[in-house]
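A look at the structure
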Amino acid sequence: LAELYYCCASANTRSEPPLLPQFEGGDYRGPQRRIELVGALTHKSIALSLSAIETLREAGAGQRSECQAVMKDVGKVLAFRARLPPAIMRPDDEEQSRRWLKQALDLSKRLKG
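In short, a report on the structure. (Residues numbered from 1 in each chain as written. Predicted model: local features only at pLDDT ≥ 70, side-chain atom pairs only at ≥ 80, totals over all residues. Heavy atoms only, no water.)

1. Some details on the overall build of the protein chain
Counting its regular elements, the protein chain contains four helices and zero strands. Start at the N end of the protein chain and walk to the C end: the helices and strands fall as α-α-α-α. Counting the 113 residues in the protein chain, one finds 42% classified as buried. At a minimum sequence separation of 6, the contacts of the protein chain that also span at least 24 residues come to 55%. For the protein chain, the exposed area adds up to about 6700 Å²; of that, 56% sits on carbon and sulfur atoms. Charged side chains in the protein chain number 18 positive and 14 negative. The centres of these two groups are separated by 5 Å. (Helix = DSSP H or I, 4+ residues; strand = E, 2+ residues; numbered from the N terminus. Buried < 20%, exposed > 50% of the residue type's maximum accessible area, 1.4 Å probe, protein only. Contact = heavy atoms within 4.5 Å. Areas by Shrake-Rupley, 256 points an atom, 1.4 Å probe, with all protein chains shown as cover. Lys, Arg positive; Asp, Glu negative; His and termini not counted. Charge placed at Lys NZ, Arg CZ, Asp CG, Glu CD.)

2. Observations regarding the packing of aromatic side chains
In this structure the tally under the stated criterion is one aromatic pair. Aromatic side chains Y6 and F80 sit 5.4 Å apart centroid to centroid with 90° between the ring planes, which places their arrangement in the edge-to-face category. Taken together, the residues Y6 in helix α1 (residues 2-12) and F80 in helix α3 (residues 65-82) connect sequence positions 74 residues apart. A cation sits over an aromatic face here: R99 above W100, 4.8 Å from the ring centre. (Phe/Tyr/Trp six-rings, centres within 6.5 Å; stacked < 30°, edge-to-face > 60°. Lys NZ or Arg CZ within 6 Å of the ring centre and 35° of its normal.)

3. Here we look at the side chain of R81
Of note, R81 is situated in helix α3. Discounting residues that sit within four places of it in the chain, R81 has contacts with T42, H43, I46, I88, M89, R90 and D93.

4. Comments concerning α3
Taking 1.5 Å of rise per residue, the 18 residues of α3 would be expected to cover 26 Å, and the 26 Å separating its terminal C-alpha atoms lies within 8% of that figure. In terms of burial, α3 is a largely internal element, 13 of the 18 residues being buried. (Expected span 1.5 Å × (residues − 1).)

5. As for the packing of α3 against helix α4 (residues 93-112)
For the pair α3 and α4, interaxial distance at closest approach is 8 Å and the crossing angle is 155°. When the axis of α3 is compared with that of α4, the two are roughly antiparallel. In this structure, the crossing between α3 and α4 has a hand that is left-handed. Facing S65, Q68, M71, K72, V74, G75, K76, L78, A79, R81 and A82 of α3, the residues of α4 in contact are D93, E94, Q96, S97, W100, L101, Q103, A104, L107, S108 and L111. Classifying every residue of the contact of α3 with α4 by side-chain character gives ten nonpolar, seven polar and five charged. (Axes fitted to C-alpha atoms, helices over the stretch in contact; angles between N-to-C directions. Parallel < 35°, antiparallel > 145°, perpendicular 65-115°, else oblique. Left-handed = near helix turned anticlockwise from the far one by under 90°. Nonpolar A, V, L, I, M, F, W, Y, C, P; charged D, E, K, R; others polar.)

By themselves, these are just geometric observations and shouldn't be taken as functional.
Following this line, the structure appears as structure tokens:
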């Protein structure tokens, strides 16, 4: 589901009219509101991914390929958000992206032996 939100956020940077103009009760119609929609979708994607990582870790699956894939995804979405306007991005998005991508790469190497 997190990946779907990310894909929709990415598509909304280019589509006309916007996809999901009434996301989670907000009305995002109009050109000036489009970037807010992209931000809301991106935030939802990151929140779901972080929740999935926490759930996997609590279930003892934090060192499995499923967790590695979600780590990679959250790193990718954080990198995407880092390129958005300052009103949407967070100052540490790029750093957090690198951290998650490094964790995913390290776990992938351990899993491959």
